[in-house]
Amino acid sequence: GLVIKAADGIWFDGCYFGGSALADVLFLPNAADTQLTGVKLDNSWMDPVGVAGHAILISGGTTALYGLITVSNCHISGGDSGLNGAYVNPSAGTTIVSLSLSNNVFLNFTSHGILVGGNGTVSTRGLSINGNTLAAVNSIWMTSAGATVVTGANNSSTENIRIKLRGTVKKHSEFRLH
């Protein structure tokens, strides 16, 4: 798999990430003050293995800017044993700024296609989930505080999209489901 510990602009296009037990693509700042921004995954394939595997895991924490991450036009398969397609669960007190998951195919995961904040409320500023095809047990599960936009999700899973806002939703927070 790919571990991204620091970035200020990097683009992966037409890549294959697979066979990782924890995560095919792991975002994990290497220090409490490390910037991790400007990452784009496009036209790529992710295929985790193992019952604890995630295709994309956004984790860890930093006081520096963390975000400006785009995942688009990717085929993200769990192979019937991967746990989650995209799991967004940074450390408490860390805000993810501008995360976009768009026009991807998430399929064959045992838990969620997209899971945001499985262990508590995730703070986001600009989370956008657009035009994804989801075929997982639970397609989208979110516990997020911040501006969130979900549009055009094609859900072919056994569950519907579940969105639960927990924590303090700020006065100017926005939530839209189209």
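Enquirer: Before we move on, could you go through the nonpolar core and cite the residues and values that matter?
Expert: Judged by nonpolar contacts, the single largest core of 33 residues is most densely connected at Ile4, Phe27, Met46, Ile56, Ile58 and Ile76. Per-element tally for this core: the top contributor is strand β11 (residues 105–116), with four residues. Ignoring sequence-local partners within four residues, the contact set of isoleucine 58 consists of Phe27, Tyr66, Ile69, Tyr87, Val88, Asn89, Pro90, Ile96 and Leu99. If you look at the next biggest cluster of nonpolar residues, it comprises five residues, including Ala23, Leu26, Leu57 and Leu115.

Enquirer: Can you break down the packing of aromatic side chains residue by residue, with the values?
Expert: In total, this model carries one aromatic pair according to the counting rule given. Between phenylalanine 12 and phenylalanine 17 the ring centres are 6.0 Å apart and the planes differ by 80 degrees, which places this aromatic pair in the edge-to-face class. Grouping residues by exposure puts phenylalanine 12 and phenylalanine 17 together as buried. Of note, lysine 40 hangs over the ring of tryptophan 11, and the distance from its end group to the ring centre comes to 4.6 Å.

Enquirer: Got a sec to walk through the side chain of asparagine 89? Specific residues and values, please.
Expert: Mapped onto the elements, asparagine 89 comes out in the loop between β9 (75–88) and β10 (95–102). Note on asparagine 89: relative accessible area 17%, which makes it buried. Here the side chain of asparagine 89 touches tyrosine 87 through a polar contact of 3.0 Å, side chain to side chain.

Enquirer: Can you explain the side chain of asparagine 84? Please cite residues and give values.
Expert: Positionally, asparagine 84 belongs in strand β9. A relative accessible area of 2% places asparagine 84 in the buried class. A distance of 3.3 Å separates the side chain of asparagine 84 from the side chain of histidine 54, its partner in a polar contact. Every residue in contact with asparagine 84, bar those within four places of it in the chain, is listed here: Gly53, His54, Ala55, Phe109, Ser111, His112, Gly113 and Leu115.

Enquirer: Any chance you could break down the environment of serine 91 for me, citing the residues and the numbers?
Expert: Topologically, serine 91 is positioned in the loop between β9 and β10. Overall, serine 91 belongs to the partly exposed group, its relative accessible area being 36%. The contact partners of serine 91, leaving out residues within four places of it in the chain, are Gly60 and Gly61.

Enquirer: Tell me about unusual backbone geometry, and name the residues and values.
Expert: Note: most residues except glycine have negative phi, and most peptide bonds are trans. Unlike most non-glycine residues, leucine 68 shows phi in positive territory, near 55 degrees. With respect to the helices and strands, the residue leucine 68 is situated in strand β8 (residues 66–72). The exposure class of leucine 68 is partly exposed, given its relative accessible area of 41%. In this structure, asparagine 73 takes a positive phi of about 55 degrees despite not being glycine. The residue asparagine 73 is located in the loop between β8 and β9 in this model. On the basis of relative accessible area, asparagine 73 is assigned to the partly exposed category, the value being 38%.

Enquirer: An account of the pairing of strand β4 (residues 23–27) is requested, with residue identities and associated values reported.
Expert: Consecutive side chains along a regular strand alternate between the two faces of the sheet. Within β4, five of the five residues are buried, which leaves the element mostly enclosed by the surrounding structure. For strand β1 (residues 2–4) and β4, the ladder comprises three bridges, and the chain directions are parallel. Bridge pairing in β4 links isoleucine 4 to phenylalanine 27. Alignment of β4 against strand β7 (residues 54–58), held across four bridges, turns out to be parallel. Looking at the pairing, alanine 23 lines up with histidine 54 of β7.

Enquirer: Which residues make up the confidence of the model for the protein, and what values go with them?
Expert: Of all residues in the protein, 74% attain a pLDDT of 70 or more, and the chain-wide mean is 78. Between residues 155–160, whose pLDDT stays under 50, and residues either more than four places distant or in other chains, the model counts 19 contacts. pLDDT under 50 marks residues 164–178. Its contacts with residues more than four places away, or in other chains, come to 29 contacts.

What counts and how
Going along each chain's sequence as written, the residues are numbered from 1 onward. It should be noted that, the model being predicted, local features are given only for residues of pLDDT at least 70 and side-chain atom pairs only at 80 or more, the latter also being counted only at that level, while totals for whole chains, interfaces and linings use all residues. Side-chain calculation: all heavy atoms of the structure are included, whereas hydrogens and water are not. Working definition of a nonpolar core: buried Ala, Val, Leu, Ile, Met, Phe, Trp, Tyr and Cys residues. They are joined through side-chain atoms within 4.5 Å. For the exposure calls, accessible area comes from a 1.4 Å probe over protein chains only, and a residue counts as buried if that area is under 20% of its type's maximum, exposed if over 50%, partly exposed in between. Where helices and strands are cited, they refer to DSSP runs of H or I of at least four residues and of E of at least two residues respectively, numbered from the N terminus. The contact definition used throughout considers only heavy atoms, calling two residues in contact when any of these lie within 4.5 Å. To pair, rings of Phe, Tyr and Trp, with the six-membered ring standing in for Trp, must have centres within 6.5 Å; the planes then decide the type, stacked if under 30 degrees apart, edge-to-face if over 60, and tilted in the middle. Throughout this description, the term charge over a ring refers to an Arg CZ or Lys NZ atom that lies within 6 Å of the ring centre and within 35 degrees of the ring normal. Within 3.5 Å is the distance limit for a polar contact, defined as a pair of N or O atoms, with the added protein rule that one can donate a hydrogen and the other accept it, and that residues adjacent in sequence qualify only through two side-chain atoms. Here the rule is simple: two strands pair whenever DSSP picks up at least two bridges between them. Confidence scores labelled pLDDT are given residue by residue by the predictor and lie between 0 and 100.

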